[in-house]
Amino acid sequence: MTGVDRRPPAGRAAWLALLLALAAATRFNGLTANAMWADELFSWRLTTLAVSQILPIVAGDVHPPLYFLMLKLITSLLGDSLTVLRGFSAIPSVLSCGLLFLFLDRRAGRPFAVAAALILIASPASIHYAQQIRGYALCEFFAVAVVVALFRYVERPRAGRLAQFFLCCITLDYLHFIGPFVLAGLFALALWLFVTGRIARRELVAVVGIMGLATACLVPWLWMLLARSQVVGSQMHVFDGLSGVVEAVKVFVKLLGGFVAVGPALLLWAAGLAWRAPARPLLRLADSGHRTVDLLIVGHVMALIPFALFALMGVLGGPFIRLHPAIVASPWLAVMLAACLSSLPSRPQRLIGAIFGIALAFSALTIPYRLDQVPIPAVLDVAAKEHVRTIITYGEEMALTQRFLGRSDVRIIDLRAIPAGLCGGRVAVEIMPRDAAYDPVRHSVTYGLMAPGGQRQSFALPPALRLVGEKRFPISNMWKPGVVEAYRLLLFDAPGCRLSAAGA
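Here is what the cut-offs are and how they apply
- Residues numbered from 1 in each chain as written.
- Predicted model: local features only at pLDDT ≥ 70, side-chain atom pairs only at ≥ 80, totals over all residues.
- Heavy atoms only, no water.
- Helix = DSSP H or I, 4+ residues; strand = E, 2+ residues; numbered from the N terminus.
- Buried < 20%, exposed > 50% of the residue type's maximum accessible area, 1.4 Å probe, protein only.
- Contact = heavy atoms within 4.5 Å.
- Areas by Shrake-Rupley, 256 points an atom, 1.4 Å probe, with all protein chains shown as cover.
- Salt bridge = Lys/Arg side-chain N within 4 Å of Asp/Glu carboxyl O.
- Core = buried A, V, L, I, M, F, W, Y, C linked by side-chain atoms within 4.5 Å.
- Pairing = 2+ DSSP bridges.
- Right-handed = clockwise from strand over helix to strand, strands pointing away.
- Patch = residues over 30% accessible without salt bridge, like charges linked within 9 Å, V, L, I, M, F, W, Y side chains within 5 Å.
- Expected span 1.5 Å × (residues − 1).
- Axes fitted to C-alpha atoms, helices over the stretch in contact; angles between N-to-C directions.
- Parallel < 35°, antiparallel > 145°, perpendicular 65-115°, else oblique.
- Left-handed = near helix turned anticlockwise from the far one by under 90°.
- Nonpolar A, V, L, I, M, F, W, Y, C, P; charged D, E, K, R; others polar.

Describing the overall build of the chain
Here is step 1: For the chain, the helix and strand inventory stands at 19 helices and 9 strands.
Here is step 2: Expressed as a percentage of the 504 residues in the chain, the buried residues total 50%.
Here is step 3: Nonlocal contacts in the chain, meaning residues at least 24 apart in sequence, comprise 74% of its contacts between residues at least 6 apart.
Here is step 4: Counting every atom, the chain has about 21700 Å² of accessible surface; 64% of that belongs to carbon and sulfur.

Re unusual backbone geometry
Here is step 1: Positive phi, normally seen in glycine, also occurs at histidine 387, with a value near 60°.
Here is step 2: Relative to the assigned elements, histidine 387 resides in the loop between helix 18 (376-385) and strand 1 (388-393).
Here is step 3: Positive phi is not limited to glycine here, since histidine 443 has a value of about 55°.
Here is step 4: For histidine 443, the position within the fold is in the loop between strand 4 (436-439) and strand 5 (444-447).

Comments concerning the pattern of salt bridges
Here is step 1: One pass over the structure, following the stated rule, counts 12 salt bridges.
Here is step 2: The salt bridge involving arginine 407 is made with aspartate 381; its shortest N-O contact spans 2.8 Å. Residue arginine 407 is located in the loop between helix 19 (397-405) and strand 2 (411-414), and its partner aspartate 381 is located in helix 18; the two are separated by 26 residues in the primary sequence.
Here is step 3: Overall, the relative accessible area of 22% leaves arginine 407 in the partly exposed class.
Here is step 4: Linked by salt bridges that have partners in common, Glu386, Arg426, Arg466, Lys471 and Asp493 make up one network.

Some details on the nonpolar core
As a rule of thumb, nonpolar side chains are buried together in soluble globular proteins.
Here is step 1: Ranked by internal contacts, the top residues of the largest apolar core, which has 101 residues, are Val146, Val147, Phe165, Leu186, Leu189 and Trp332.
Here is step 2: The greatest single-element share of this core, amounting to 15 residues, is contributed by helix 8 (residues 136-155).
Here is step 3: In this structure, tryptophan 332 is in contact with Leu100, Phe103, Ala143, Val144, Val147, Val298, Gly299, Met302 and Ala303, ignoring residues within four places of it in sequence.
Here is step 4: Of all hydrophobic cores here, the second largest spans 17 residues; its members include Ala35, Ile376, Val379 and Leu491.

Considering the pairing of strand 3 (residues 425-431)
Here is step 1: Strand 3 sits mainly inside the fold: 5 of its 7 residues count as buried.
Here is step 2: Note that strand 1 and strand 3 share 4 bridges and pair parallel. Paired with valine 388 across the two strands is arginine 426, which belongs to strand 3.
Here is step 3: Bridge count between strand 3 and strand 8 (residues 484-494): 7 bridges; the pairing is antiparallel. By the bridge assignment for strand 8, arginine 426 is matched with aspartate 493.

Re the pairing of strand 2
Here is step 1: In this sheet, strand 2 lies alongside strand 1 in parallel orientation, the contact comprising 4 bridges. For threonine 390, the partnering residue across the bridge sits in strand 2 and is arginine 411.
Here is step 2: Assessed by its sense of winding, the connection that carries the chain from strand 1 through helix 19 to strand 2 is right-handed.

Concerning a nonpolar patch on the surface
Here is step 1: A contiguous nonpolar surface patch, about 330 Å² in accessible area, is contributed by Trp15, Leu18, Leu22 and Leu118.
Here is step 2: Here the element with the most residues in the nonpolar patch is helix 1 (residues 12-28); it accounts for 3 residues.
Here is step 3: Structurally, the position occupied by leucine 18 is in helix 1.

A closer look at helix 6 (residues 110-121)
Here is step 1: Counted at 1.5 Å a residue, the expected span for helix 6 with its 12 residues is 16 Å, and the 16 Å between its end C-alpha atoms agrees.
Here is step 2: Among the residues of helix 6, Arg110, Phe112, Ala113, Val114, Ala116, Ala117, Ile119, Leu120 and Ile121 are the ones counted as buried.

Some thoughts on the packing of helix 5 (residues 82-108) against helix 6
A pair of packed helices is captured by two measures, namely the crossing angle of their axes and the spacing between those axes.
Here is step 1: Contact geometry of helix 5 with helix 6 gives a least axis separation of 7 Å together with a crossing angle of 160°. The orientation of helix 5 relative to helix 6 falls into the category roughly antiparallel. Crossing of helix 5 against helix 6: the hand is right-handed. On helix 6, the residues touching Ser96, Cys97, Leu100, Phe101, Leu104, Asp105 and Ala108 of helix 5 are Arg110, Phe112, Ala113, Val114, Ala116, Ala117, Leu120 and Ile121.
Here is step 2: Among the residues forming the contact of helix 5 with helix 6, the class breakdown is 12 nonpolar, 1 polar and 2 charged.

Laid out in C-alpha cells, this is it:
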C-alpha cells in the first residue's frame, strides 16, 4: 500500500491506551447481567466434556472446533464463571479495536485511525458479540489480524510474515464457518492490490497459495462434518429464492447504521462516495493513489464480500442469514465510514460526522445487547416463591442454566418428553414471546410459531392441570429497539396428576 509511514508517531501509546479503555468500558459493562441463552449454554456444556466428545458434537452442529477447544482450555485454567466465559469474548473484541487503530495509524494518519476505532468501539454488532460465549468476537479479531498480516507481508515480504499470515488464515477457518467467506474477501482484496500495482506477481502467488493451503487444511474437518452433521435440509432454517438477498441487505443496513443510526450512516456513505468520485466506477478511485481511497476500497471489499456470499447462499437455499457476517464486517464498515467521512470538505465533514457520532453513540449507550433472552434466574426465583415443583419447557435451555447455577429446587421437564409419573403440586408451563402460545380451549401449547418452514408443534396438556394464574417477565426485542415483549410462565395446579404428552 502506498504512503506507509514507518515512523512511530508521537502519542500513539497514549491514544491506544485511551481507545482500549473505551472499548473495555463498552464491552465489559453488564457482561454478566443476564443469564446464558441456548447457544451460550451449548458452548459452556462442551467445556464439561472430554476433547474426544467435543469434536463429534460440534461436527454435528456444523461448527469448526477451535473456539470450543480454546474455551475448554481457558475454563480448565480459570474456572467456568460467567465472567471467565464471556470475558474470553470481550477481551478479543477490545483488542480488535486496538489492532485496527494501530493498522490505520501508520497507513492513513492519526485522525483516520482514531475515527475508525471509535466507530468500531461504538458498534452495536461488535458489542453484542463481545458479550456472548461464542467464537464470534475471536473471529472479529482475526478478521482484522488477517488483513494486517497481509499488508505486513506486502510491505516487506519475509518468510516469517508469510507464516504469520498463514496462521491467521487457518485460525480463522477453524474458528467459525464464516472464515472461508472472509478469505474470499481477502482473495478479492489481493487481486485488487495486484491490479493497482500495490504488490508484485510473486507476492500475489505467495498470498493466494497460502490461502489455498489454509483452505486445504480445512478439508479433513469438512469430511468429518459431512459424515456427522445432522443439521441439513429443512432443519437449516433456509430461505427461498431472493429472500436471502433481502435478509442480507436488511442486516447490512442495520449494521451500517448501528440500528438507530441508519439514516446518518447512509448519508455519510453516499456523500463520501459522491464527493470523491462523481460518476466514476469505484475501482477507478485507485488512480489517485490516495491513502484514504486505499482504505475505502479495503473497507468495501472486506465488508461487502461476506454479505454478498451469504446472500448468494440464500438464493441457493443455504443457511439462515442472521448476523454471522456482522462480526467480521464490523471493523471494515468502520474503515469504510471513516474513509467516507475523511473525504469530505471540513464543514460537511464536521456536520455529518457530528450527526453520525451522536446517533452511533446513542445506540452504543442505550441499546441492550443481551436481548431476546429468558431471565432464567428470575424465573426460577419466582417458581420457588410460587411453590412450583415442575416447570414444563421446550428445549433444554432452562435445565442447563439451572445446572450452571447449581440449583435443583425445581424439576425441569421438556414438553416433548414428559415422563409418565405423578407430579402433584404446582406446575408451570413456559410461553415464549412470538414463538409459543397457549390455547385454553384445546388445553394445548404450540411452539415454533415463528419458525421458518412451518416447523410448528402442538402438545396437549394433561386434562387434570388447572390454570390458576401466570407470571410475566419482560424481554427486549433485538430487532425492534425499545419494544418489550413478555415471557410468560403459566401456573397450573396438578393434584396428583399423571403427565403425558400427545400431538394435538
